[in-house]
Amino acid sequence: MKSSDIIVIGGGIAGLSAASTLSKHARVTVLEAEGAVGYHSSGRSATMLHYALGDPLVRALTHASRGFFEAPPRDFTDVPLGHRMPVLIHSREDELAALDQLESAIAPFAQLERVDGAGICELCPVVRTGEGAAVAGLVDRNGIRLDTHALLQGHVRALRQNGGEIVTVARAIKVERSGEVWTVTTEHRDSLAAPILINAAGSWADAVATLGGVRPIGLAPLRRTIITFDAPDGEDLSGWPFAKTVGDELYFAPESGRLFASPMDEGPTDPCDAQPDEYEIALAAHRIEERTTMKVGRIQSRWAGLRTFAPDRHPVVGFDQQAEGFFWLAGQGGYGLQTSPAMAQIAESLIAATPWPLEAATAAQLSPGRFLGQAA
Ligand SMILES: Cc1cc2nc3c(=O)[nH]c(=O)nc-3n(C[C@H](O)[C@H](O)[C@H](O)COP(=O)(O)OP(=O)(O)OC[C@H]3O[C@@H](n4cnc5c(N)ncnc54)[C@H](O)[C@@H]3O)c2cc1C
């Protein structure tokens, strides 16, 4: 049997960012069920960093993370981890109260401009404006479109440079605590032992806990659908924003010379290899035609991914008090990329006793104990 100091189950952004950070302190091995890292949620996201998501805690985690994307550690990557993309949140007359509320909520984190219909058209000429359509918007010119591939590969590289290891096609099928260690057996009957087990299995985190005899916390995977389609002829998309309705109805943005859009669906599902749903695909196209002047001709591509939430929609990070050495890193919902550097630093603080990195939240607010009736 092989041994390590820390086993991480899950090679998505959560597992890899924690693994690369902790590999500065310990021998870390990542087990990933699929043949490649980032195959599930992490490889299927809209890849934005913006503040129109979540609540004050999520915004604080996002804010604490953006420095990493803007100035990654030396040797982490040869390419930028993202590029600036403005964020435009637009609202009809009947949604103005929601826009005002969002403006107050985001203002502590980003410099916002309030624009009218003309300002909306200047930034994004296809958004429908005027009576019955958008009349006001909020613009944050400092949104970041993240490069997921660069981010994941940067963590893989950092982990390996520090002597860590990633094993793919290594689905954990047996997880048990014996004596001082967790032993994980993979589907190929390889076994690995370590005193600390990080459960970063995304939508499967409750299933992994159950495998190890640890109480699940009630995570809910919710499917989200994305389509891509051709932009209107002759439009230069280079300055276009990530454009979102103030309510959770629609977002769209430029994507490699085309556009992508999501109806922001949240279909409850079991953990799975999520597939796009025909109704949601049609809804995305319908909402694009309703909220913009664009026609969706041929849908060029479509995909779906799971956003997995804890009951209070806050991420879960910390040791389980009932299961020694069992560390939760789950429930990143729709913000797992943009909060990943802060989440990894929190995991580092709780496991390697480095300083607590976030003024805006306590360990108790993020701990699994809040669902399990345990103290942090
Ligand atoms: C459509 C969509 C849009 C999104 N947009 C954004 C956005 O704009 N910005 C943002 O920040 N976030 C966004 N997200 C959310 C973000 O993608 C997730 O929060 C994040 O990817 C979660 O990362 P993870 O590592 O927890 O999960 P995953 O990437 O799913 O990784 C978990 C891994 O665990 C592995 N695993 C599971 N069980 C086992 C086992 N038994 N043994 C071994 N391995 C196992 C899985 O194979 C998987 O690779 C979006 C998500 C979706 C679906």
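These numbers come from a predicted model, not from an experiment. (Residues numbered from 1 in each chain as written. Predicted model: local features only at pLDDT ≥ 70, side-chain atom pairs only at ≥ 80, totals over all residues. Heavy atoms only, no water.)

*Asks:* Is there a simple way to explain the side chain of S20 in this structure?
*Replies:* By the element assignment, S20 lies in helix α1 (residues 13-22). Polar contacts involving the side chain of S20 include one to the main-chain carbonyl oxygen of S17, which spans 3.4 Å. When residues no more than four places from it in sequence are discounted, the contact partners of S20 are H155, A158, L159 and N162. (Helix = DSSP H or I, 4+ residues; strand = E, 2+ residues; numbered from the N terminus. Polar contact = N/O pair within 3.5 Å; in protein donor to acceptor, adjacent residues only side chain to side chain. Contact = heavy atoms within 4.5 Å.)

*Asks:* What am I meant to see in the packing of α1 against helix α8 (residues 340-352) here?
*Replies:* The description of two packed helices rests on the angle between their axes and on the distance between the axes. Where α1 contacts α8, the axes come no closer than 9 Å and their chain directions differ by 50 degrees. Classified by the interaxial angle, the pair formed by α1 and α8 is oblique. The handedness of the crossing between α1 and α8 comes out as right-handed. Between α1 and α8, the residues in contact are I13, S17, A18, T21 and L22 and S340, A344, A347, E348, I351 and A352, respectively. Its residues placed into classes, the contact of α1 with α8 shows 7 nonpolar, 3 polar and 1 charged. (Axes fitted to C-alpha atoms, helices over the stretch in contact; angles between N-to-C directions. Parallel < 35°, antiparallel > 145°, perpendicular 65-115°, else oblique. Left-handed = near helix turned anticlockwise from the far one by under 90°. Nonpolar A, V, L, I, M, F, W, Y, C, P; charged D, E, K, R; others polar.)

*Asks:* Is there a simple way to think about the site of the ligand in this case?
*Replies:* Contacts to the ligand come from 39 residues, most closely from E32, S42, A172, G333 and Q338. Interatomic distance of 3.0 Å between a backbone N/O atom of A14 and an oxygen atom of the ligand. Between the ligand and the protein, one listed contact pairs a nitrogen atom with a backbone N or O atom of G334 at 3.1 Å. Against a free-state accessible area of 1000 Å², the protein chains account for coverage of 97% of the ligand. Taken together, the elements giving at least two residues each to the shell around the ligand come down to α1, β15 (220-229) and β20 (299-309). Partitioning the shell around the ligand into residue classes produces 18 nonpolar, 15 polar and 6 charged. When residues are assigned to domains, the shell around the ligand turns out to be shared by domain 1 (2-62 + 147-219 + 312-372) and domain 2 (86-142 + 220-307), each giving three or more. (Near = heavy atom within 4 Å. Areas by Shrake-Rupley, 256 points an atom, 1.4 Å probe, with all protein chains shown as cover. Domains from an automatic or database assignment.)

*Asks:* Would you mind going over the packing of helix α2 (residues 56-70) against α8 with me for this structure?
*Replies:* The geometry of α2 relative to α8 is characterised by a closest axis approach of 6 Å and an angle of 100 degrees between their N-to-C directions. With respect to α8, the element α2 is oriented roughly perpendicular. Contact with α2, carried on its side by L61, A64, S65, F68 and F69, involves S340, P341, A342, M343 and I346 of α8 and no other residues of that element. For the contact of α2 with α8, a count of residues per class yields 8 nonpolar, 2 polar and no charged.

*Asks:* So what exactly am I meant to see when it comes to the nonpolar core here?
*Replies:* As a rule of thumb, nonpolar side chains are buried together in soluble globular proteins. Residues I6, V8, I89, I198, F242, V317 and L329 are the most contacted members of the largest nonpolar core, which totals 64 residues. Viewed by domain, this core spans two of them, domain 1 (2-62 + 147-219 + 312-372) and domain 2 (86-142 + 220-307), each represented by three or more residues. Aside from chain neighbours lying at most four places away, what touches V8 is G15, A19, V28, T29, V30, L31, I198 and A200. If you look at the next biggest cluster of nonpolar residues, it comprises 26 residues, including I7, A170, V208 and V316. (Core = buried A, V, L, I, M, F, W, Y, C linked by side-chain atoms within 4.5 Å. Buried < 20%, exposed > 50% of the residue type's maximum accessible area, 1.4 Å probe, protein only.)

*Asks:* What is the right way to read the pairing of β15 from this model?
*Replies:* Consecutive residues of a regular strand have side chains that alternate between opposite faces of the sheet. Taking burial as the measure, the 10 residues of β15 include 9 buried ones, the bulk of the element. The sheet contact formed by β15 and β20 spans 10 bridges and is antiparallel. Its bridge partner lying in β20, R224 is registered against G305. For β15 and strand β19 (residues 267-268), the ladder comprises 2 bridges, and the chain directions are antiparallel. Bridged to L222 within β19 is P268. Relative to strand β18 (residues 258-262), β15 is paired through 3 bridges, and the arrangement is antiparallel. Paired with I227 across the two strands is A261, which belongs to β18. (Pairing = 2+ DSSP bridges.)

*Asks:* What is the right way to read the pairing of strand β8 (residues 134-140) from this model?
*Replies:* For β8, the buried fraction is high: 6 of the 7 residues fall into the buried class. Here strand β6 (residues 87-92) runs beside β8; their pairing, made up of 6 bridges, is antiparallel. Of the residues in β8, the one forming a bridge with L88 is V139. Sheet topology places strand β7 (residues 112-116) next to β8; 5 bridges connect them, and they run antiparallel. Each bridged residue has a counterpart across the sheet, and for R114 the counterpart in β8 is L138.

Such coordinate-based values are descriptive only and should not be taken to indicate function.
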